[in-house]
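Spelled out, the chains give:
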Amino acid sequence: MDGEHAQTIGARGVDRAEPSDGLARDFERLYGSADNLGDLRVFFAPGRVNLMGAHLDYNGGPVMPTAIDRGTLIAVATRRDRKVRLRSVSEPGEFEIDLDAGRPRRRGRWVDYPVGVLAGMLGRSGERPGVDVLFGGNLPVGAGLSSSASICVGTSFALDQVWELGLSPLERVALALDAEREFVGVRCGIMDPYAVGLAQPGCLLWLDCLDSSFEHLPIDPDLSIVVADTGVRRELAQGDFNQRVSEAAEAFALLRPHHRQATCLREIPLAVFEPLRDSLADVPRRRAQHVIEEVERTFRARACLLDGDLGGFGTAMAESHRSLRDLYDVSVPELDCLVDSAMSQAGVLGARLTGAGFGGCAVILAQSALSERLAEAVATDFERRFAHRPKIEIFAGDRGPRELT
Ligand code: GLA
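In this text, all values refer to a predicted model and were calculated from it rather than measured experimentally.

*Asks:* Help me out: how do you make sense of the pairing of strand 9 (residues 223–229) in this one?
*Replies:* In regular strands, side chains alternate between the two faces of the sheet. Most of strand 9 sits inside the fold, with seven of its seven residues counted as buried. Burial of the side chains of strand 9 extends over both faces: Leu223, Ile225, Val227 and Asp229 are buried on one face and Ser224, Val226 and Ala228 on the other.

Have a look at this one:
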């Protein structure tokens, strides 16, 4: 791992996120310095990790994510006509949209994320000029660090700035969420765009997905967020995720007659669930148990954080991972290895898989002073078992979308 980049969550860790010169050069190479282009502007939106509240957002529960100083870079120049051209440095192809041609169509490619945001903005953009846009950055796709929310929130931020629409942060978050849900068609909860769009460095975002209320909870500046990537990318992860959403909804439908005032699984109390547990079939029983207990654990983790009981917070993370592995069936052996290895190292408070699971990354909350050493030990353990070295990085917190100068 790269020791130079070690930073605590409380640090102003934006430097690593801002290597925008390369993107500007790529922009010129790919689009040319055509006469019809206005000044080039570059924007950044972070990725996120979630520390507690796993698979709770679409069940109406609380979540505790934070943004990381790694994300999407977006270079934009206005045009003299009404065309929008979109490209990525890591994907082939150029996509073109005419702002006067009505609602753009889906293409079944990465570009659907920014195009979905654009589609939501068309009603507000009026006679604004077209733009050329190039996406880059350093967030791995499919690793559970929310590259999709990063690109969507980043696009809504960048176009809001370039077109001077005057949107609020929550309006930009809503555009990003609609793009993923309505345009791309992912059944995701609200956590990711909120985490990316409303981030503050040195804080976890406490987001209650029942009513979308949120607050920023400061975290001890001597702690680091270590993210270990299994390198496992499951092709069908999106389908698996949607299946968990359906299974949780089915479990709720079975429990609701026993607690009629509940509007989602989060509102089924443990005391209502427990006497019914054995009457449920295996899958709905285990899905419901994870959600109902994870809600309780996440409130407990919040209380621990506010009381300065970081050991208690870490214990809740470890319990969360066991529940994701045994009840929600979203872990894989590589993630379990990272978590087990991390939990046996000095200086580790807690560890669990982050994002949807099925591969991707584990997040480790650790004392900053020991985090480099434990990352090395975890990587060595993992390599011994799986014959490749996982990428492990120590992230700083990030302050959310912004224009880079
Ligand atoms: C994915 C989804 C989020 C959330 C997590 C699981 O990352 O995009 O909305 O459901 O999984 O906590």
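*Asks:* Help me understand the sheet that holds strand 6 (residues 131–137) in this model?
*Replies:* Sheet strands associate in pairs through backbone hydrogen bonding, adopting either a parallel or an antiparallel arrangement. Taking strand neighbours across the sheet as the criterion, the six strands line up as 5-4-6-3-1-13 in an open arrangement whose pairing is mixed. Either end of the sheet is taken by a strand with one partner, and the two such strands are strand 5 (95–98) and strand 13 (402–404). Looking at each pair of strands side by side, their axes are set apart by 30° on average, direction ignored. Across three bridges, strand 1 (residues 40–50) lies against strand 13 in antiparallel orientation. Looking at strand 13, one finds that Val42 is bridged to Leu404. Contacting strand 1, strand 3 (65–78), strand 4 (83–88) and strand 6, helix 1 (residues 21–31) crosses the sheet at an angle of about 135° to strand 6.

*Asks:* I'm lost on the packing of aromatic side chains in this one. Help?
*Replies:* Aromatic ring pairs: the centre-centre distance and the angle between the two ring planes describe each pair. Inspection of every chain in the model, using the stated rule, returns eight aromatic pairs. Consider the rings of Phe95 and Trp110, whose centres lie 6.0 Å apart with planes at 85°: the pair is edge-to-face. Here Phe95, found in strand 5, pairs with Trp110, found in the loop between strand 5 and helix 2 (112–125); they are 15 residues apart in sequence, far enough to count as distant. Residue class for Phe95 comes out buried when judged on its relative accessible area of 7%. Put simply, the rings of Phe95, Trp110 and Phe135 pair up and form one aromatic cluster. The ring centre of Tyr328 lies 5.8 Å from the NZ or CZ of Arg287, which sits over that ring.

*Asks:* Hey, could you run me through the environment of Phe95 in this one?
*Replies:* With eleven residues separating them along the chain, Phe95 and Val84 place their C-alpha atoms 8.1 Å apart. When sequence neighbours within four positions are dropped, the list of residues in contact with Phe95 reads Val84, Arg85, Leu86, Arg107, Arg109, Trp110 and Val111.

*Asks:* How should the sheet that holds strand 10 (residues 348–353) be read in this particular structure?
*Replies:* Taken together, four strands build an open sheet; the order of strands is 10-11-9-12 and the sheet is antiparallel. Because the sheet does not close on itself, it has two edges, and the strands there are strand 10 and strand 12 (391–395). Going from strand to strand, the sheet's axes swing by 20° on average, the running direction of each strand aside. Pairing analysis gives seven bridges linking strand 9 to strand 11 (residues 361–367), with the strands arranged antiparallel. Paired with Ala228 across the bridge in strand 11 is Ala362. Across the sheet, helix 9 (residues 310–326) lies against strand 9, strand 10 and strand 11, angled at about 25° from strand 10, the strand it touches most. With respect to the sheet, helix 11 (residues 368–386) is in contact with strand 9, strand 10, strand 11 and strand 12, its orientation differing from that of strand 11 by roughly 140°.

*Asks:* I keep staring at the site of the ligand and nothing clicks. Help me out?
*Replies:* Taken together, Arg48, Ala54, His55, Asp57, Tyr58, Cys188, Gly189, Met191, Asp192, Phe241, Gly355 and Ala356 make up the full set of residues near the ligand. Contacts to the ligand include Asp57, whose side-chain N or O atom sits 2.5 Å from an oxygen atom. A distance of 3.5 Å is found between an oxygen atom of the ligand and a backbone nitrogen or oxygen belonging to Ala356. Taken by itself the ligand offers 300 Å² of open surface, and the protein chains cover 90% of this. There are two domains that each give the shell around the ligand at least three residues, and those are domain 1 (3–218) and domain 2 (223–395).

*Asks:* What am I meant to see in the pattern of salt bridges here?
*Replies:* When the charged atoms of two side chains with opposite charge come close together, those side chains can pair. Applying the stated criterion to the full structure yields 32 salt bridges. With its nearest N and O atoms 3.1 Å apart, the salt bridge here joins Arg277 to Glu274. Of the residues examined, Arg277 reaches a relative accessible area of 19% and is grouped as buried. Asp381 is the salt-bridge partner of Arg384, the closest N and O atoms lying 3.4 Å from each other. Here the residue Arg384 and the residue Asp381 both occupy positions in helix 11, the gap between them amounting to three residues, near one helical turn. Among the ionic contacts, a cluster of salt bridges with common partners joins Arg244, Glu247, Asp282, Arg285, Arg286, Arg287 and Asp329.

*Asks:* Mind showing me how you'd approach the packing of helix 3 (residues 147–162) against helix 4 (residues 169–184) here?
*Replies:* Geometry of a packed helix pair, given as the angle between the helix axes and the separation of the axes. Contact geometry for helix 3 and helix 4: axes closest at 9 Å, N-to-C directions at 130°. Considering their axes alone, helix 3 and helix 4 lie oblique with respect to each other. For the element pair helix 3 and helix 4, the recorded crossing hand is right-handed. The segment helix 3 lies against helix 4, with Ser148, Ala149, Cys152, Val153, Ser156, Phe157, Asp160 and Gln161 engaging Arg172, Leu175, Ala176, Ala179 and Glu180. Taken together, the residues of the contact of helix 3 with helix 4 sort by class into seven nonpolar, three polar and three charged.

*Asks:* Looking at this model, I keep getting lost on the nonpolar core. Mind explaining?
*Replies:* It is characteristic of soluble globular proteins that their nonpolar side chains tend to be buried jointly. Of all hydrophobic cores here, the largest spans 94 residues; its most connected members are Leu86, Trp163, Leu255, Leu265 and Ile268. Sorting elements by how many residues they give to this core places helix 3 first, with eight residues. When residues of this core are assigned to domains, at least three map to each of domain 1 (3–218) and domain 2 (223–395). The contact partners of Trp163, leaving out residues within four places of it in the chain, are Leu99, Leu118, Met121, Ser125, Arg128, Pro129 and Val131. Core analysis: the second largest hydrophobic core is formed by 27 residues, Leu204, Trp206, Cys304 and Phe313 among them.

*Asks:* How do you make sense of the domain arrangement of the protein when you look at a structure like this?
*Replies:* One frequently used descriptor of interface size is the decrease in accessible area upon assembly of the parts. What the domain assignment lists for the protein is domain 1 (3–218) and domain 2 (223–395). Here the C-alpha centre of domain 2 lies 26 Å away from the C-alpha centre of domain 1. Taken together, the 42 residues of domain 1 in the interface contact 50 residues of domain 2. Taking both sides of the interface into account, the surface hidden between domain 1 and domain 2 amounts to around 3,700 Å²; carbon and sulfur atoms contribute 63%. If you sort the residues of domain 1 by the area they bury against domain 2, Met52, His55 and Arg187 come out on top, with a joint share of 18%. The interface formed by domain 1 and domain 2 holds three salt bridges in total. In this structure, Arg70 engages Glu393 in a salt bridge whose closest nitrogen and oxygen atoms are separated by 2.8 Å. Linking domain 1 with domain 2 are 17 residue pairs in polar contact (both at pLDDT 80 or more). Examining the composition of the side of domain 1 that touches domain 2, we find that four residues originate from one element, strand 3, more than from any other.

About the criteria used
Residues numbered from 1 in each chain as written. Predicted model: local features only at pLDDT ≥ 70, side-chain atom pairs only at ≥ 80, totals over all residues. Heavy atoms only, no water. Buried < 20%, exposed > 50% of the residue type's maximum accessible area, 1.4 Å probe, protein only. Helix = DSSP H or I, 4+ residues; strand = E, 2+ residues; numbered from the N terminus. Pairing = 2+ DSSP bridges. Axes fitted to C-alpha atoms, helices over the stretch in contact; angles between N-to-C directions. Contact = heavy atoms within 4.5 Å. Phe/Tyr/Trp six-rings, centres within 6.5 Å; stacked < 30°, edge-to-face > 60°. Lys NZ or Arg CZ within 6 Å of the ring centre and 35° of its normal. Near = heavy atom within 4 Å. Polar contact = N/O pair within 3.5 Å; in protein donor to acceptor, adjacent residues only side chain to side chain. Areas by Shrake-Rupley, 256 points an atom, 1.4 Å probe, with all protein chains shown as cover. Domains from an automatic or database assignment. Salt bridge = Lys/Arg side-chain N within 4 Å of Asp/Glu carboxyl O. Parallel < 35°, antiparallel > 145°, perpendicular 65-115°, else oblique. Left-handed = near helix turned anticlockwise from the far one by under 90°. Nonpolar A, V, L, I, M, F, W, Y, C, P; charged D, E, K, R; others polar. Core = buried A, V, L, I, M, F, W, Y, C linked by side-chain atoms within 4.5 Å. Buried area = accessible area lost by both parts, 1.4 Å probe.

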